[in-house]
Amino acid sequence: MTDTQTRGRIVVQLIPGLASLRKRGLAGWFAVIGLAMVFVVVLMTATAPWISPHDPNEIGTGPVLGPPSLSFPLGTNHLGQDMLSRLIWGGSTMLQVAALSVLVCFIVGVPVGLLTSYAGGLVDRSASLAMDSIYAFPGLVLAIAIAAMLGPGVVNMSLSIAVVYVPSYYRIVRSQVLSIKELPYVEAARTLGASGRSTLLRYILPNVLPSVVAVATVNFADAILTAAGLTFVGLGLPISTPDWGWDLTYGRRLLPSGAWWVITFPGLMIVILALGFAFVGEGLSELLNPKLEQ
Amino acid sequence: MTLRSYVIGRILLTIPMILLLLTLVFIIVRILPGDPVLVHFEKKATPAMIEEFRHQLGLDKPLEQQYGDYLLGLLRGDLGKSMADFSSVGQQIFTAFPATLELSIFSMIIAVLLGVFLGARASRSYNSVEDHSIRVFGIVSYAIPVFFLGMVFQLIFGIGLHILPTGGRISPGMEPHGLALGDFRFSTGLYTVDSVLEGDPSKLFATLRYLLLPSLTLGIVLSGIFVRLTRSNMLETLRLDFVTAARARGLSERAVLYGYALRNAFLPILTMMGLQFAALLAGAILTETTFSWPGLGRYLVDRIAFRDYTAIQGAIVFFGLLVALVSLVVDILYAYLDPRIRL
């Protein structure tokens, strides 16, 4: 029950927040523009079967390496596939990988951070050390190592990205818990006989979550960029899945022919999606920490 | 706490971190599902061949013994033998490293210069159109995949305008050899330094031409964080009393901005340079692949294509150790410059 209550409260807090976003200056604008960018991409991906003019995988739909024209507005690639259709379909992998890895990070990072930092002592210190070791490691390198071992696939790719970013969630939760658990209202709750469990869930968690949401939004951008990076080094999904990262990767080999359209459009789509999330994250973290921007 | 005891404590803390890191890599490569040998051959070998191969690489030993061998080997500086060509992985990594180091140094210089310049400008024109555009630049630079930016530069400056090379470190035959005095030879592997040592300006010019696009690409992507850091630090400092006092004494705005406010931002910028080292290496992997730059990142990516697991593990361990070492040095430097850290 506590759980649904907490969730409900956060949603209720977010809605008026959204409505008044634009009144909050630049940070609000960042959040609104970012949300719009993400929304457009999600909408395009969701409606792909209806709006895509051709089959994204059909070879020889148009000429080989045809520049943008009236019938193929974004040109065609070396297999004569329609780049516009590939663009429309290609976002779904990225969105799936990003959403799944953020979800895994959330499910692992938040409880681990809550429990170990609330427990304190040796548990806290060992968890900190382990998380700091992962955090210090170059993220892409770690993701490459794991993805290379697990092999291709949406789930494997998401897992290898999640491992890299769990420490970010853990760290923000830990720093929040450490400061919140000493506050008078938490102490009051404990004095009145609240159990450890209910102190954590009802008094600490609701105050930790907003910062986690800000981290998660920025993390969406990170996950998208890491997924694109993994694809670029050859650890992406099978060729049969239309994917911006893959088009960009293959487009590198076509560069000497001057086929700018093969890389430009998928590249811009990745930028738009990552930028959308980065804008939302920037806006949110500023709105949640008004002290930063005075 | 004295500086000495801080340094000792910090070094002691690095040891378990490195051990954890090594164990993590071991777990990833040996214990996660997916047999390196099987993946390497992709079912094209007879069981006997696979057994033989496994034996040669020591993969038929019990896991705890493999772990011991792996740690002992690392202590001796031995990163194992490549699964692709059975040569020493350590040797290959040391050959590739200078190229990555050179690219990283130049990218970092560009990132810091660009970031500090833009950040300072933004803080001077706080809340103006210029400030907002610079902030947006900071976020955009963060959201661009480094290899996409690299390819756009290749398209514009290499393929479109034909003014800069699109790949490689230098044209064949132009490699600088470093200092040669009679029989004494000395080279760093950093082409800029080597061509200066050799005293050949044409080689230095060629080196810089090849370096420009890759380091600009990586530098721009990394500059965002420095823009943000410089801007917020300077904004904070500009509100302090001593800045008001300096202005009241009639100092020019320029002197206040660069002499007072920017100086105070140096320490956080230094720390950020250390923190960004990991991001720099990750970016270098993708940049090197984009520009066919023969460094460590490209080595790693090539070995992924071959499914050469010992080489992948070696390169990853090397990256990890490098990052641990740099963060140790930065922390010590920081404690030396700012005594409050040691408290």
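Just so you know, these numbers come straight off a predicted model, no measurement behind them. (Residues numbered from 1 in each chain as written. Chains lettered and ligands numbered in written order. Predicted model: local features only at pLDDT ≥ 70, side-chain atom pairs only at ≥ 80, totals over all residues.)

S.K.: Got a minute to help me understand the overall build of chain A in this structure?
M.R.: The secondary structure content of chain A amounts to 12 helices and 0 strands. Along the chain direction, N to C, the helices and strands of chain A fall in the order α-α-α-α-α-α-α-α-α-α-α-α. Relative to its 294 residues, chain A shows a buried fraction of 47%. (Helix = DSSP H or I, 4+ residues; strand = E, 2+ residues; numbered from the N terminus. Buried ≥ 20, exposed ≤ 12 C-beta atoms within 10 Å, placed from the backbone.)

S.K.: What's the story with the overall build of chain B in this structure? I'm lost.
M.R.: Check the secondary structure of chain B and you find 15 helices and 2 strands. When its C-alpha atoms are laid out on the principal axes, chain B stretches across 85 × 55 × 50 Å. Of the contacts formed within chain B by residues at least 6 apart in sequence, a portion of 71% connects residues at least 24 apart. (Contact = placed C-beta atoms within 7 Å.)

S.K.: Explain the nonpolar core here, please?
M.R.: Nonpolar side chains in soluble globular proteins generally cluster together in the buried interior. Ile144, Ala145, Ile224 and Ala274 of chain A are the most contacted members of the largest nonpolar core, which has 162 residues in total. Looking at this core, the element that brings in the most residues is helix α10 (residues 196-232) of chain A, giving 18 residues. (Core = buried A, V, L, I, M, F, W, Y, C linked by C-beta atoms within 7 Å.)

S.K.: What should I look at first to understand unusual backbone geometry in this one?
M.R.: A negative phi angle is the norm for most residues apart from glycine, just as the trans form is the norm for most peptide bonds. All names here are of chain B. Even without a glycine there, the phi angle at His162 is positive, about 55 degrees. Inspection of the secondary structure puts His162 in the loop between α7 (146-160) and β1 (179-181). You will see that Ser292, though not glycine, has its phi angle at about 45 degrees, which is positive. Among the structural elements, Ser292 can be located in the loop between α13 (277-290) and α14 (296-306).

S.K.: What should I look at first to understand the interface of chain B and chain A in this one?
M.R.: Taken together, the contact between chain B and chain A spans 39 residues of the former and 41 residues of the latter. Where the side of chain B that touches chain A is concerned, the elements lending two or more residues are α1 (3-31), α6 (129-143), α7, α13, α14 and α15 (309-337) of chain B. Looking at the side of chain B that touches chain A residue by residue, the classes come out as 32 nonpolar, 7 polar and no charged. (Nonpolar A, V, L, I, M, F, W, Y, C, P; charged D, E, K, R; others polar.)

S.K.: Would you mind showing me how to read helix α8 (residues 154-180) of chain A here?
M.R.: The periodicity of an α-helix, 3.6 residues per turn, causes residues three or four positions apart to be oriented the same way. Between its first and last C-alpha atoms α8 of chain A spans 37 Å; for 27 residues at 1.5 Å apiece the expected length is 39 Å, and the two agree. Bending of α8 of chain A peaks at approximately 40 degrees at the position of Val164 of chain A, with proline Pro167 of chain A no more than four residues after it. (Expected span 1.5 Å × (residues − 1). Bend = angle between axes of the 7 residues up to and from the residue.)

S.K.: How do you make sense of helix α9 (residues 184-191) of chain A when you look at a structure like this?
M.R.: Summarising burial for α9 of chain A: 0 of the 8 residues are buried, a small minority. In the segment just after α9 of chain A, Gly193 of chain A is the residue with positive phi, at about 100 degrees.

S.K.: Teacher, can you tell me more about the packing of helix α5 (residues 89-124) of chain B against α15 of chain B here?
M.R.: Residues and elements named next belong to chain B. Remark: α5 packs on α15, axes separated minimally by 10 Å, with the N-to-C direction vectors making an angle of 55 degrees. Viewed along their axes, α5 and α15 adopt a mutual orientation that is oblique. Read as a crossing pair, α5 and α15 show a hand that is right-handed. Across from Val89, Gly90 and Ile93 in α5, the residues of α15 making contact are Thr310, Ala311, Gly314, Ala315 and Phe318. Looking at the contact of α5 with α15 residue by residue, the class counts come to 5 nonpolar, 3 polar and no charged. (Axes fitted to C-alpha atoms, helices over the stretch in contact; angles between N-to-C directions. Parallel < 35°, antiparallel > 145°, perpendicular 65-115°, else oblique. Left-handed = near helix turned anticlockwise from the far one by under 90°.)

S.K.: So what exactly am I meant to see when it comes to the environment of Phe279 of chain A here?
M.R.: Structurally, the position occupied by Phe279 of chain A is in helix α12 (residues 260-288). In this structure Phe279 of chain A comes out as buried when scored by C-beta crowding, with 28 C-beta atoms within 10 Å. Phe279 of chain A sits 241 residues away from Val38 of chain A along the chain, and the two C-alpha atoms are 9.8 Å apart. Apart from the residues lying within four places of it in its own chain, the contact partners of Phe279 of chain A are Phe30, Ala31, Ile33, Gly34 and Met37 of chain A together with Ile139 of chain B.

S.K.: Explanation requested: the confidence of the model for chain A in the structure shown.
M.R.: Close inspection of predicted coordinates is inappropriate in any region flagged by low pLDDT. Considering every residue of chain A, the mean pLDDT works out to 82; 89% of them sit at 70 or more. The spread of mean pLDDT over the elements of chain A runs between helix α1 (residues 2-19) of chain A, the lowest at 50, and helix α5 (residues 91-119) of chain A, the highest at 91. (pLDDT = per-residue confidence, 0-100.)

S.K.: I'm lost on the confidence of the model for chain B in this one. Help?
M.R.: Taken over all residues, the pLDDT of chain B has a mean of 83, while the share at 70 or more is 95%. With a pTM of 0.85, the predicted complex shows an ipTM of 0.84.

S.K.: What is the right way to look at the packing of α7 of chain B against helix α9 (residues 201-238) of chain B in this model?
M.R.: Packed helix pairs are characterised by how far apart their axes lie and by the angle those axes make with each other. Residue and element names in this part refer to chain B. Between α7 and α9, the shortest axis-to-axis distance is 9 Å and the interhelical angle comes to 140 degrees. Considering the angle they form, α7 stands oblique to α9. The chirality of how α7 crosses α9 is right-handed. For the pair formed by α7 and α9, the contact residues are Val146, Leu149, Gly150, Phe153, Gln154 and Phe157 on the first element and Leu213, Leu216, Thr217, Leu218, Ile220 and Val221 on the second. For the contact of α7 with α9, the class distribution of residues is 9 nonpolar, 3 polar and no charged.

S.K.: Would you explain the environment of Gly173 of chain B in this entry?
M.R.: Residue and element names in this part refer to chain B. Topologically, Gly173 is positioned in the loop between α7 and β1. Note on Gly173: 5 C-beta atoms within 10 Å, which makes it exposed. Each C-alpha atom, one on Gly173 and one on Thr188, is 18 Å from the other, the two residues being 15 residues apart in sequence.

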